[in-house]
Amino acid sequence: MSPPSRILTTPEADALIARLTARHGPLMFHQSGGCCDGSAPMCFPLGEFRTGGQDVLLGHVAGDVPVWIGAAQFDYWRHTQVTIDVVPGRGAGMSLESPEGVRFIVRSRVFSDAEAAELAAAGEPPRGG
């Protein structure tokens with residue numbers, strides 16, 4: 001049995017990711033740690049945001065779009081499943097959805113004890129490099 005996913009998307013987020021991919025090519029997300037637009041998921045063309053050893057790969061969404069988070073923020077959020085969603089309004093100017101009149105946000109829920117045990121048994125997620 002595989003552990004639960006650390007990262008999910010809503011159908012609305014998937015639709016926006018598909019539109020942005022058609023316009024910009026392959027994408028990536030980095031979960032901001034509080035600068036710029038609070039702690040919003042920032043969407044970039046793949047490789048435009050350089051990840052390093054202090055970034056943790058939460059997983060992939062919408063096919064093969066990687067979602068990264070800073071290691072310090074991951075330590076706070078490791079017990080939660082994160083879902084990327086979309087709401088009306090303008091987000092950070094650096095994130096690709098900015099001109100669309102919507103912004104990506106995160107919603108989260110705490111993993112159950114059983115899910116947390118499965119994740120612990122699976123080991124730490126990969127880090128950038």
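What comes next is a walk through the structure. Each chain has its residues counted from 1, following the order in which its sequence is written. Two thresholds apply to this predicted model, a pLDDT of at least 70 for residue-level local features and 80 or more for giving and counting side-chain atom pairs, whereas whole-chain, interface and lining totals are computed over all residues. The basis for every side-chain value is the complete set of non-hydrogen atoms in the structure, without hydrogens or water.

## Thoughts on unusual backbone geometry
Link 1 in the chain: In the Ramachandran plot, Ala 62 falls in the positive-phi region, its phi being about 45 degrees despite a non-glycine side chain.
Link 2 in the chain: Structurally, Ala 62 can be placed in the loop between β4 (55-61) and β5 (65-70).
Link 3 in the chain: A relative accessible area of 36% places Ala 62 in the partly exposed class. Segments assigned H or I by DSSP are reported as helices when at least four residues long, segments assigned E as strands when at least two residues long, and all are numbered from the N terminus. Burial classification: accessible surface area is computed with a 1.4 Å probe over protein chains only, and a residue below 20% of its type maximum counts as buried, one above 50% as exposed, and the rest as partly exposed.

## Side note on the environment of Arg 23
Link 1 in the chain: Here Arg 23 shows up in helix α1 (residues 11-24).
Link 2 in the chain: With 73 residues separating them along the chain, Arg 23 and Leu 96 place their C-alpha atoms 10.0 Å apart.
Link 3 in the chain: Whenever a nitrogen or oxygen atom comes within 3.5 Å of another N or O atom, the pair is scored as a polar contact, on the condition that within protein one atom can donate a hydrogen and the other can accept it, and that pairs from neighbouring residues in sequence are kept only if both atoms are in side chains. A distance of 2.5 Å separates a polar atom in the side chain of Arg 23 from a polar atom in the side chain of Glu 100.

## Considerations on the pairing of β4
Link 1 in the chain: Summarising burial for β4: six of the seven residues are buried, a large majority.
Link 2 in the chain: When DSSP locates at least two bridges between a pair of strands, those strands are taken to pair. As defined by bridge partners, β4 adjoins β5 across six bridges and the pair is classed as antiparallel. Each bridged residue has a counterpart across the sheet, and for His 60 the counterpart in β5 is Pro 66.
Link 3 in the chain: The turn joining β4 and β5, which pair antiparallel and follow one another in sequence, is formed by three residues; a positive phi near 45 degrees is taken by Ala 62.

## Thoughts on the packing of aromatic side chains
Link 1 in the chain: Stacked, tilted and edge-to-face pairs are distinguished by plane angle, under 30 degrees for stacked and over 60 for edge-to-face with tilted covering the rest, among Phe, Tyr and Trp rings (Trp via its six-membered ring) whose centres lie within 6.5 Å. Following the criterion strictly, the structure yields two aromatic pairs and no others.
Link 2 in the chain: Here the aromatic rings of Phe 44 and Phe 49 are separated by 5.4 Å at their centres, their planes lie at 25 degrees, and the arrangement is stacked.
Link 3 in the chain: Look at Phe 44 and you get buried, because its relative accessible area is 8%.

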